[in-house]
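Geometric and topological summary
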Amino acid sequence: MRNGRGRKGTWIAGSLLALATLAGAQTAPMTHEEAHRRAEALLKQMTLDEKVGQMNQSAGVTIPGLGSEKPDALITQGKVGSILWLIDVKEINRLQHLAVDKSRLHIPILFAFDVIHGYRTVFPVPLGMASSWDPSVEEQAQHLAGQDARAAGIEWTFTPMVDIARDARWGRMVEGAGEDPYLGSAMARAQVRGFQGTSISTDSILACVKHYAGYGAADGGRDYDSSYVPEELMRNVYLEPFHAAEQAGAATFMSAYMDLNDVPATGNHWLLTDVLRNEWGFKGFVVSDAFAVGSLVTHGYASDPQDAAYKAAMAGLNMDMASLTFTHNLAALVQSGKVSEAQIDAAVLPILEAKYDLGLFDHPYVDESKVDAVLSRPEGLTLERKLAGRSMVLLKNEHQTLPLSSSLKKVAVIGPLADSVKDIEGGWTVEGLFGGPSKSHPVTVLAGLKTRLGAGAEVSFVPGPPLSRLYPSMFDEMSGKKPLPPPTAAETADWVAKAKAAAEQADVVIAVMGEAADMSSEAASRATFDLPGIQQQMLEAAASTGKPVVLVLENGRPLDIRWATEHLPAILEAWYPGTEGGNAVADVLFGDVDPGGKLPVSWPRIAGQEPLYYNHNLTHEPEDRPGFTSRYWDISSKPLYPFGYGLSYTSFKFANLRLSSKSIQKSGKTEVSVDVTNTGRMAGDAVAQIYIHQRYGSASRPVRQLKGFERVTLQPGETRTLTFPLGKDELSFWSPQTKVWAVEPSTFDVWAGEDSTASLHAELTVTE
Ligand code: BGC
C-alpha cells in the first residue's frame, strides 16, 4: 500500500502521545527476561480465542477497493493483537482504550505502519540512502523516523525492506538497497539499529525485515510473480541481508507474497522455521504480508481458508496481516487437533514479549498534545537535507559544467518533476498514504534553485504535461477513476517549442525528469525504461540550442538515459530526495556539497539486459573475446554505468594495495590496505571499495564480490590509508556441493578502487 497523495482517501492526522523521552514520561526500563516472564504469565491466563486474537493484525481503516471490517467488536473480544494502516492519533487512542479498558485481559494493541523513509520529515527513498554508501545515513534517518513514529503512536514499522533487486523492471527496487548482499547487509543492520536502538524499549520501535524471502527475483520483474531461486543463490545472495538484520536483533520479519520455488513464502516451512528459527535462532515473530495468508488459496497452495490458516501456522507464521484467516479458522484447527495449543502458545509468546519490551502495558496511549511538535522538529529537516545530499550520484560531468556558478543570471528549468511536490518524496509517505493531506511541505527542485540563486537571477520554468496524465494509480484504478488523456500532438509540439525557447534565453538549462513516484514501488513494474511522456522530446529540444543542459533525475530505478549520456554534459541522479530534496539538489549543483554517492545497482542501457548485476559468474566464453561469445548482437551486455560508480567534483587516486599476509590458512585472516589520495582542488568524498574473486573451488564463484567499503572525506592533497579485514566472514560461501559455509583453499583476486571495475589488484593464497 503506498502513496496516493492527492487522490482518494481521508486521512486526518491528529495529535497524540509521545514516546517516553520526547514526552518526558518516566519508565523504569524492563529487561527482556522480565518481559519474557510476564508474557509467559499472561499467556497462562489466556483462552484459546484470546491467543488467536493476538495473532490477528486488523486493518484500522477502510481502504478503497480492498474493504475491511471496523475492528471495534473484535477488539473488545480480545481478538486483535495489532492494527495497521492507522495514523489518526485520536482513533489510535480510541481503539487502544477499547482494548485496555474493555477487553477481558486489557492487553494493549500494537500499532503498525509503513514508516519506510521518514514520518512527516521524509528522507530519501531507501535506494537513494543506499547510494550514500554510508550506513550512518540510514541509521540516522531511521532513528529520527522511529522517534517520530513512536511519538505518534506507531510502535512497529514495516521496514527495512532488504530484498536484493537484480532486475530494475521490478518496481520495488526503490524500496531496498539494490543488488548487492554485502552493501544490503550493511544497510539492513544500520536500519535495525536506527529503529530499535541497542534494545527495544519505550524509546524505540520494532523493525520488520521484509519481504522474506526471494521476492526481488520475481519472474520477468513483475511484482508478486513467482521466484525460482536455487538454494545456493538464496543463501549466498538473497538471504544474506535478512540474516544480517536478524543478527542485528531485528524483532520481527514479514513473509513475502510470492511463491518461492513453488511454495508460497507465507506457507514456507523451510524459510520460516528451518532457516529463520532453527538455523539462525530467531526469537521474534513473523507477520505475513497484507492478505497473504488468505491468498494461499489464490496461489493454488491451500484448498480453502482453513487450509491456508493451517499451512501458514504450521510453516511458522505468527501473525496474519489483514486477511482474518487466522481469526476465522485457527481455533477450529486446534479443536480438531490439527494444530496443537502448544504451537499457538509458541506463536503468541514473542508477540506478548514485544509488547512488554516496548513498555506498552505501562504506556498504551498517545499524548495527543505533543505529536505535532515532535513531527515538525526542525532538526529533522536539517538532517534530511544533509542526508539527501549524501545520497546523490553524479553520473556525468564534462567540461566542468558542474558545480554551477552562484552568479548565474538566467536559468531555464524544464520537466514535469521540477516542481512536483507529489513526487519529490517518493512513493511511500506516511501522511500521504491513501491520499492523506501531507503536512511536510516538500521543497521542489525549482523552489530549491530559486532560493539558492536569489532574487538577482531570472528563472524560467516549462513543466510540460504532468506525468499523472499517462498512468493511473492503483487506487484510481480500483475506484474506477480514469487518467486524463495523454497530450495531443499539438500540445506536445507546443511544450517542446516552449522548452526550446526557454533554453535559448538561458545560460544553463536544468532538466528535472524521470518517473512519477507511483511508477516504482509496489505493483509498479515496467518493461521499458524510457523517460515517460514527452520528456525526451523536451530534453532534445533544449539541448539542440547548444546551451549546457544538466539533467537531474528523480526516479525509483535506472532509466534508459543512453541519449542523455551521449549528448548532455552533466547528469545528477537525485532519486526521490525527500522533503528538503530541492534544497539538497541545489546544494550539490552549486558545489556547496560534493556529490559522493555511488550506484547501488548496475545501470542498464535498456530493459532487455535485465536481470543485470555485477556479481555474476564467468561464462565459458566471455563477451570480450571474438567468435562464439556470451553477448547480444544488438547491444553490449555491459552496464551503462557499473555498480559502485559515481563521480565527485574532485578526483582520487588509489595506490599501494597490499595484504598484511599474502598467504593464509583457511581459518586465518589477512588485512587489505590501500592509500586513497584526493588529487583535486576541492575537498570531497571517496568511497573505497574492495572486491574479491575466488579463482577455483567446489563451485564457480562470481567474477567480483564486494567485501569491504568505506566513505571518507579528504581534503585536497590528503592521503588516507584504509584497511579492511579478509577472513572467514568475507571469504566463505555456501557451496551447493558441500552444502555448508566454508572457506576453501584457492587463489583469490583482490581489487580496490572507486567502483566494481577497479583495476588495482593483489593476490591472496588460501591454503588448508
Ligand atoms: C506491502 C508491504 C507493506 C504492507 C503493509 C503490502 O502491500 O507489500 O511492503 O508493508 O503492504 O502496508
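Residues numbered from 1 in each chain as written. Predicted model: local features only at pLDDT ≥ 70, side-chain atom pairs only at ≥ 80, totals over all residues. Heavy atoms only, no water.

Let's talk about the site of the ligand
Taken together, 14 residues form the shell around the ligand, and within it Asp 114, Arg 172, His 211, Asp 289 and Glu 522 come nearest. Interatomic distance of 2.8 Å between a side-chain N/O atom of Trp 85 and an oxygen atom of the ligand. Between the ligand and Glu 522 there is a distance of 2.8 Å, counted from an oxygen atom to a side-chain nitrogen or oxygen. The protein chains hide 100% of the 310 Å² of surface that the ligand would expose on its own. (Near = heavy atom within 4 Å. Polar contact = N/O pair within 3.5 Å; in protein donor to acceptor, adjacent residues only side chain to side chain. Areas by Shrake-Rupley, 256 points an atom, 1.4 Å probe, with all protein chains shown as cover.)

Observations regarding the sheet that holds strand 3 (residues 110-113)
Read across the sheet, five strands follow the order 4-3-2-1-10 without closing on themselves; strand pairing throughout is parallel. The open sheet is flanked by strand 4 (156-157) and strand 10 (320-321), the only strands paired with a single partner. As judged from the two bridges shared by strand 3 and strand 4, these two strands associate in the parallel manner. Paired with Ala 112 across the strands is Trp 156, a residue of strand 4. (Pairing = 2+ DSSP bridges. Helix = DSSP H or I, 4+ residues; strand = E, 2+ residues; numbered from the N terminus.)

Observations regarding the domain arrangement of the protein
We note that the domain assignment places domain 1 (2-160 + 178-211 + 244-371), domain 2 (392-596) and domain 3 (652-767) within the protein. The C-alpha centroid of domain 3 is placed 37 Å from the C-alpha centroid of domain 2. Facing four residues of domain 2, the contacting portion of domain 3 comprises seven residues. For the pair domain 2 and domain 3, the two sides together bury roughly 370 Å², of which 48% comes from carbon and sulfur. The tally of links between domain 2 and domain 3 comes to zero salt bridges. If you look at where domain 2 meets domain 3, you find one residue pair in polar contact (both at pLDDT 80 or more). Grouping the constituent residues of the side of domain 2 that touches domain 3 by class yields no nonpolar, three polar and one charged. (Domains from an automatic or database assignment. Contact = heavy atoms within 4.5 Å. Buried area = accessible area lost by both parts, 1.4 Å probe. Salt bridge = Lys/Arg side-chain N within 4 Å of Asp/Glu carboxyl O. Nonpolar A, V, L, I, M, F, W, Y, C, P; charged D, E, K, R; others polar.)

Overview of the side chain of Gln 689
Here Gln 689 shows up in strand 20 (residues 684-694). Not counting residues within four places of it along the chain, the set of residues in contact with Gln 689 comprises Trp 133, Lys 598, Gly 644, Leu 706, Gly 708, Phe 709, Trp 751, Ala 752, Gly 753, Glu 754, Asp 755 and Ser 756.

Observations regarding the sheet that holds strand 11 (residues 393-397)
Reading across from one edge, 11-16-15-14-12-13 is the order of the six strands in this open sheet, with mixed pairing throughout. In the strand order of this sheet, the two ends are held by strand 11 and strand 13 (458-462), each with one partner. Strand-to-strand twist of the sheet, defined as the mean angle between neighbouring strand axes without regard to direction, takes the value 15 degrees. Examined bridge by bridge, strand 12 (residues 410-414) and strand 13 share five bridges and lie parallel to one another. Across the sheet, residue Lys 410 finds its bridge partner in strand 13, namely Glu 458. Helix 20 (residues 489-505) contacts strand 12, strand 13 and strand 14 (508-514) of the sheet and is inclined by roughly 165 degrees relative to strand 13. (Axes fitted to C-alpha atoms, helices over the stretch in contact; angles between N-to-C directions.)

Overview of the packing of helix 9 (residues 231-238) against helix 10 (residues 240-247)
Orientation of helix 9 relative to helix 10, taken along the N-to-C sense of each, is 50 degrees, at an axis distance of 5 Å. Regarding the angle of helix 9 to helix 10, the classification is oblique. Between helix 9, through Met 234, Arg 235, Asn 236, Val 237 and Tyr 238, and helix 10, the contact on the second element is made entirely by Glu 240, Pro 241 and Phe 242. (Parallel < 35°, antiparallel > 145°, perpendicular 65-115°, else oblique.)

Here we look at the packing of aromatic side chains
With the rule as written, the count across this model stands at 20 aromatic pairs. Judged by centre distance (5.1 Å) and plane angle (90 degrees), the rings of Tyr 224 and Tyr 257 are edge-to-face. Of the two residues, Tyr 224 is situated in the loop between strand 5 (208-212) and helix 9 and Tyr 257 in the loop between strand 6 (252-255) and strand 7 (259-260); the sequence distance between them amounts to 33 residues. Where Phe 242 meets Phe 253, the ring centres are 6.1 Å apart and the plane angle is 40 degrees; that geometry is what we call tilted. Of this pair, Phe 242 sits in helix 10 while Phe 253 is found in strand 6, placing the two residues eleven residues apart along the sequence. The rings of Trp 133, Tyr 182, Tyr 614, Phe 643, Tyr 691 and Phe 709 are connected pair by pair, giving a single aromatic cluster. If you follow Lys 338 out to its NZ or CZ, it ends over the ring of Tyr 310, 4.1 Å from the centre. Positioned above the aromatic ring of Trp 633, the side-chain terminus of Arg 631 is 4.3 Å from the ring centre. (Phe/Tyr/Trp six-rings, centres within 6.5 Å; stacked < 30°, edge-to-face > 60°. Lys NZ or Arg CZ within 6 Å of the ring centre and 35° of its normal.)

Thoughts on the confidence of the model for the protein
Looking at the protein, the pLDDT average stands at 93 and 94% of residues meet or exceed 70. Here helix 1 (residues 20-23) is the element of the protein with the lowest mean pLDDT, 41, and strand 16 (residues 570-573) is the one with the highest, 99. When the criterion is pLDDT under 50, residues 1-26 qualifies, and its contacts beyond four places in sequence or with other chains add up to 124 contacts. (pLDDT = per-residue confidence, 0-100.)

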